Amino acid sequence: MISIKNIVKQYAGHRALNDVSMEIERGKVFGLLGPNGAGKTSLIRILNQITAPDGGEVLFNGEHLSRKHTEQIGYMPEERGLYKKMEIGEQILYLAQLKGMSRPEAIRRLRMWFEKLGIEAWVNKKIEDLSKGMQQKAQFVATVLHEPELLILDEPFSGFDPVNAEIIKNEILELNRKGTTIIFSTHRMESVEELCDSIALLNLSKKILDGNVKAIRNQFRNGTYRLDYNANQLNDAHQAPFSILKEEHSDAGTSMVVRMKEHTAPNDALLFVAQRAGITHFEEVIPTMNEIFIRTVNSQNTTSH
């Protein structure tokens with residue numbers, strides 16, 4: 001749906017994006033990741049046509065991104081942008097009409113969304129009279145009311161308690177199931193693993209990692225396993241085909257995190273322990289996206305210095 005090709009963005013003496021390219025598939029949830037200052041906000045502003053790139057191009061459904069595509073995009077910024085002195089319902093209706101909706105259709109959808117999110121009683125209140133969580137819900141409705149093809153969400157769970165974060169997460173997933181393509185920018189890596197099909201990781205203005213989330217996690221596998229057994233210890237653990245990274249003892253037995261030694265396999269670990277104790281649990285420990293994020297960014301930072 002979106003092809004980002006060799007984008008460059010320069011601000012005075014700072015290059016925010018340096019030859020960045022990526023593809024965002026239709027109907028998928030795409031995570032745009034990176035530490036503060038990596039270039040994510042600059043790229044989002046280009047996609048929303050708030051600013052233009054200094055080099056490269058963006059294609060939307062095969063066409064050069066232009067003003068006519070604005071109505072097909074919904075954008076929820078990290079710094080929420082509703083007018084605090086304006087009634088919430090009128091404000092959302094106004095924004096919907098800017099996106100090309102008729103007022104009667106906007107009113108119908110507004111009622112549907114407010115009922116769904118349990119905020120129908122607030123339609124005539126001013127934004128400043130709402131709690132932060134209610135403001136966030138209103139901003140979400142304003143973003144999705146015109147049923148955009150592409151939804152860009154920048155830290156969408158910021159300001160929500162766990163209950164309301166779960167509600168909004170489920171609404172995002174439902175929109176995606178109905179065909180909405182979603183770009184999701186966040187620092188919450190657990191949300192990335194739960195929601196995203198694929199990601200791109202930016203750092204120091206460059207893309208340093210991208211691909212399918214499951215494939216990336218598998219790419220970073222390092223022969224680490226969790227192994228639990230019903231005994232206090234292995235007396236000859238130094239002869240094991242693994243190195244023990246972490247070990248915890250309890251009344252139920254021992255839990256270890258181990259890494260296989262060179263030229264050994266998981267079955268070797270199972271056989272070694274099974275000859276000495278009863279195995280109660282065994283699983284591979286695949287690096288989390290949070291661990292991959294930190295490792296990849298730190299590696300590039302070290303190399304760049």
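The rules behind each value
Throughout, a residue's number is its position along its own chain's written sequence, starting from 1. Totals for whole chains, interfaces and linings use every residue, but because this is a predicted model, local features are given only for residues with pLDDT of at least 70 and side-chain atom pairs only at 80 or more, for both listing and counting. To obtain the side-chain values, all non-hydrogen atoms of the structure were used and water was disregarded. Put plainly, a pocket is an open set of points on a 1 Å grid over the protein atoms alone with protein on both sides within 12 Å along at least five of seven lines, a cavity is a set where a 1.4 Å probe fits but cannot get out, and a lining residue has an atom within 4 Å of a point. Grid points are joined across faces, edges and corners, and a volume is the space filled by probe spheres set on the points. Comment: elements are numbered from the N terminus, with helices defined as DSSP H or I runs of at least four residues and strands as E runs of at least two. Ten residue types, Ala, Val, Leu, Ile, Met, Phe, Trp, Tyr, Cys and Pro, are classed as nonpolar, four, Asp, Glu, Lys and Arg, as charged, and the remainder, Gly among them, as polar. In this scheme Phe, Tyr and Trp rings, the latter by its six-membered ring, pair at centre separations within 6.5 Å, and the angle between planes marks the pair as stacked below 30 degrees, edge-to-face above 60, and tilted otherwise. Each residue is placed in one exposure class: buried if its accessible area under a 1.4 Å probe, protein chains only, is under 20% of its type's maximum, exposed if it is over 50%, and partly exposed if it falls in between. We count a charge as sitting over a ring when the NZ of a lysine or the CZ of an arginine lies within 6 Å of the ring centre and within 35 degrees of the ring normal. Working convention: axes come from line fits to C-alpha atoms, limited for helices to the stretch in contact. Angles between N-to-C directions cover 0 to 180 degrees. Any angle from 65 to 115 degrees is called roughly perpendicular, while one under 35 is roughly parallel, one over 145 is roughly antiparallel, and all others are oblique. Handedness of a crossing follows from how the near helix is turned relative to the far one, being left-handed for an anticlockwise turn of less than a right angle and right-handed for a clockwise one. In this analysis, two residues are considered to be in contact whenever any of their non-hydrogen atoms come within 4.5 Å of each other.

S.K.: Teacher, can you tell me more about empty space enclosed by the protein here?
M.R.: One way to see where empty space is left: roll a probe the size of a water molecule over the atoms. In this structure the tally under the stated criterion is one cavity of 30 Å³ or more. What the largest cavity holds in volume is close to 30 Å³. Lining the largest cavity are Leu-33, Ile-199, Leu-201, Leu-209, Met-289, Ile-292 and Phe-293. Counting residues per element, the lining of the largest cavity draws most heavily on helix H9 (residues 289–304), at three residues. A breakdown of the residues in the lining of the largest cavity according to their chemical character gives seven nonpolar, no polar and no charged.

S.K.: Sorry, what's going on with the packing of aromatic side chains here?
M.R.: Here a ring pair, both rings aromatic, is described through the centre-centre distance and the interplanar angle of the planes. The tally for this structure, following the rule as stated, stands at four aromatic pairs. With 5.9 Å between their ring centres and 70° between their planes, Phe-157 and Phe-184 make a pair best called edge-to-face. Of the two residues, Phe-157 sits in the loop between strand E7 (150–154) and helix H5 (162–177) while Phe-184 sits in strand E8 (residues 181–185), which places them 27 residues apart along the sequence. On the accessibility criterion, Phe-157 (5% relative accessible area) is buried. Seen in terms of ring centroids, Phe-242 and Phe-272 are 6.1 Å apart; in terms of plane orientation they differ by 90°. Their pairing is edge-to-face. Here Phe-242 is found in strand E12 (residues 242–250), whereas its partner Phe-272 is found in helix H8 (residues 266–274), with 30 residues between them in sequence. Its end group placed over the ring of Trp-113, Lys-116 keeps NZ or CZ at 4.6 Å from the ring centre. Taking the ring centre of Phe-272 as reference, the NZ or CZ of Arg-276 above it sits at 3.7 Å.

S.K.: I keep staring at the packing of helix H2 (residues 88–98) against helix H4 (residues 132–144) and nothing clicks. Help me out?
M.R.: Pairs of packed helices are described in terms of their axes, by the angle between the two and the distance that separates them. Relative to each other, H2 and H4 sit at 25°, their axes nearing to 9 Å. In terms of axis orientation, H2 runs roughly parallel to H4. Handedness of the H2/H4 crossing: right-handed. Contacts between H2 and H4 involve Ile-88, Ile-92 and Leu-95 from the first element and Ala-138, Val-141 and Ala-142 from the second.

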